[in-house]
Amino acid sequence: MIYENPTAKCYLLLYSSIQIVKGYARSLLIDLERHKMRLIPNEFLEFIDQCKTTYLPTVLKNYQENDQPILKEYMEFIIENEYGFYTDQPECFPELDLTWKTPSDITNAVIDVNKSSKHSYTDIIKILDKLNCQAIDLRVFEHINFDIVTNFIHATESSCIRNINIYIPYNTWKQRAIDKDYFLDYPRVNSFIIHGSPSNIIKDNDYDKRKVIFLQKDITSASCCGYVSENLMIGNMSLFTESQHYNSCLNKKLSIDVDGQVKNCNVQAESYGKYNQIDVIDLVKNNKSFSSLWKITKDDILVCKDCEFRYVCVDCRGLISDNNNIYSKPERCNYNPYKADWEPEPIKIIGQ
Ligand code: SF4
């Protein structure tokens, strides 16, 4: 039974969609259903862990008198934000199963384009369709005719692709207004990111949640990637569960660079040949080298393993802080989990 107020024999439990990740200096509470996150003290996690297995009044008694006001605040915080509930039957509320599974051989693809690229989008989409790929980022680095973008989108019709993000330069965007009608015509397109824009603005589409995002920054090559910031954290079930077992950037990813070379990620040097000259399906399914980094989780990576953001932060293994150590931290992250601070300079690892 669930109670509105604590009773003499009740437990205080979090809903299973509320997950807490312990970091070195603080913890992160993630609401996987509402896609929201809150930073909390590690002491809160210690309190809620005890409440899972011990009656709440007993837990409270184990703390000093001067701790009681803060415990009351923790309890109010949990109930008011709908993070948890009081119950006398904790066995009825099992913990979340953190297994991650997908029917896809490749879940996401990146296709890079410059003005010299000669990609056949029909051929690429046929390959991705056979791999049951769900999402594509098309990244156009240089000004091209907008018809090429539209041809790419048309090639995805009748495919299993569900979600497309398109990065184009500001000059390319000026050829065609991306409005509600465009999004209505192309339901697979999730967002347009217009780089090299006069200002940073997000334009919501008045029809649904899809967006046009204007960025001042130029995105001119595959290496304009791998930046880590609080704004880029994603608190959803898919990333959270995948990150427990696999690399949050490279797992089941296929990239095609501006010359048509197939890679796991376009920022990596290693390529496996052109998509129209090799058997890409065989590469993905049978070449162990292609998937060799897929199982590196944030729990394996120096510094990240002590960070409260490790299951909501997308990794980068192409640009790392020590090229001689594949387990080193992403180069473009300035977060220091030991001080709970974003620092301007790369940090040294505690104990080294
Ligand atoms: S330290 Fe690692 S997990 Fe933490 S924010 Fe940086 S890259 Fe992400």
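Residues numbered from 1 in each chain as written. Predicted model: local features only at pLDDT ≥ 70, side-chain atom pairs only at ≥ 80, totals over all residues.

Give a description of the nonpolar core that names residues and reports values.
Core analysis: the largest hydrophobic core is formed by 35 residues, its most contacted members being Ala-109, Ile-111, Leu-128, Leu-138 and Ile-168. Of all elements in the fold, only strand 7 (108-113), helix 4 (121-130), strand 8 (135-140), helix 5 (146-155), strand 9 (163-169), strand 10 (189-195), strand 13 (253-256) and helix 9 (280-286) reach the threshold of two or more residues within this core. Not counting the four nearest positions on each side in its chain, Leu-138 is found in contact with Ile-111, Val-113, Phe-152, Ile-164, Ile-166 and Tyr-167. Leu-32, Val-228, Tyr-311 and Cys-313 belong to the second largest nonpolar core, which has 30 residues in total. (Core = buried A, V, L, I, M, F, W, Y, C linked by C-beta atoms within 7 Å. Buried ≥ 20, exposed ≤ 12 C-beta atoms within 10 Å, placed from the backbone. Helix = DSSP H or I, 4+ residues; strand = E, 2+ residues; numbered from the N terminus. Contact = placed C-beta atoms within 7 Å.)

Report on the site of the ligand, specifying residues and quantitative values.
As a structural note, the neighbourhood of the ligand is formed by 13 residues, with Cys-304, Cys-307, Cys-313, Cys-333 and Tyr-335 the closest of them. The class makeup of the residues in the shell around the ligand is 10 nonpolar, no polar and 3 charged. (Near = placed C-beta within 6 Å. Nonpolar A, V, L, I, M, F, W, Y, C, P; charged D, E, K, R; others polar.)

Go over the pairing of strand 4 (residues 27-31) with me, naming the residues and quoting the values.
Every other side chain in a regular strand lies on the same face of the sheet, so the side chains alternate between the two faces. In terms of burial, strand 4 is a largely internal element, 4 of the 5 residues being buried. For strand 3 (residues 18-22) and strand 4, the ladder comprises 5 bridges, and the chain directions are antiparallel. Bridging across to strand 4, Gln-19 finds its partner in Ile-30. Between the end of strand 3 and the start of strand 4, which pair antiparallel, lie 4 residues. Bridge count for strand 4 against strand 5 (residues 36-40) is 5 bridges, and the pairing is antiparallel. Pairing of Ser-27 across the sheet is with Ile-40, part of strand 5. In sequence, strand 4 turns back onto strand 5 through a hairpin of 4 residues, with His-35 there showing a positive phi of about 60 degrees. (Pairing = 2+ DSSP bridges.)

Which residues make up the domain arrangement of the protein, and what values do they have?
On domain assignment, one finds that the protein holds domain 1 (2-92) and domain 2 (108-286). Just the C-alpha atoms count here: the centres of domain 1 and domain 2 sit 40 Å apart. Those elements that place two or more of their residues in the side of domain 1 that touches domain 2 are strand 4 and strand 5. (Domains from an automatic or database assignment.)

Now, about the pairing of strand 12 (residues 211-214): what can you tell me, with residues and values included?
Strand direction decides the pairing type here: strand 10 and strand 12, joined by 4 bridges, are parallel. Counted as the bridge partner of Phe-192 is Val-212 from strand 12. Here 4 bridges tie strand 11 (residues 201-204) to strand 12, and the two strands are oriented antiparallel to one another. In the sheet register, Ile-202 faces strand 12, and the bridge partner there is Ile-213.

Go over the sheet that holds strand 6 (residues 84-87) with me, naming the residues and quoting the values.
Ordered in space as 1-6-2, the 3 strands form an open sheet in which the pairing is antiparallel. The open sheet terminates on both sides in strands that have one partner only, identified here as strand 1 (2-3) and strand 2 (11-14). Alignment of strand 2 against strand 6, held across 4 bridges, turns out to be antiparallel. Its bridge partner lying in strand 6, Tyr-11 is registered against Thr-87.

Account for the environment of Pro-344, with residues named and values stated.
With respect to the helices, strands and loops of the structure, Pro-344 is situated in the segment after strand 16 (341-342). Given 5 C-beta atoms within a 10 Å radius, Pro-344 is considered exposed. Residues Pro-344 and Cys-333 lie 11 residues apart in sequence; the distance between their C-alpha atoms is 9.4 Å.

Describe the sheet that holds strand 9, naming the residues involved and giving the relevant values.
With mixed pairing, 8 strands are arranged side by side in an open sheet as 11-12-10-9-8-7-13-14. Edge positions in the open sheet fall to strand 11 and strand 14 (262-263), since each of these has one partner strand only. Where helix 5 meets the sheet, its contacts fall on strand 8, strand 9 and strand 10, and the angle it forms with strand 9 comes to roughly 170 degrees. (Axes fitted to C-alpha atoms, helices over the stretch in contact; angles between N-to-C directions.)

Please set out helix 4 residue by residue, giving values where relevant.
All of the buried residues in helix 4 are Ile-124, Ile-125, Ile-127 and Leu-128. Taken end-on, helix 4 shows its buried residues confined to a sector of 160 degrees, consistent with a single buried face. Packed against the buried residues of helix 4 are strand 7, helix 5, strand 13 and helix 9. Of the residues one or two after helix 4, Asn-132 is the one with positive phi, at around 60 degrees. (Arc of directions from axis to C-beta.)

I'd love a proper account of unusual backbone geometry, names of residues and values included.
In this structure, Glu-82 is a non-glycine residue whose phi angle is positive, near 55 degrees. Positionally, Glu-82 belongs in the loop between helix 3 (68-80) and strand 6. Judged by local crowding, Glu-82 falls into the exposed class, with 11 C-beta atoms found within 10 Å. We note that Val-303 has phi near 70 degrees; this positive angle belongs to a residue other than glycine. Among the structural elements, Val-303 can be located in the loop between helix 9 and strand 15 (335-336). Looking at Val-303, the number of C-beta atoms within 10 Å reads 24, which means it is buried.

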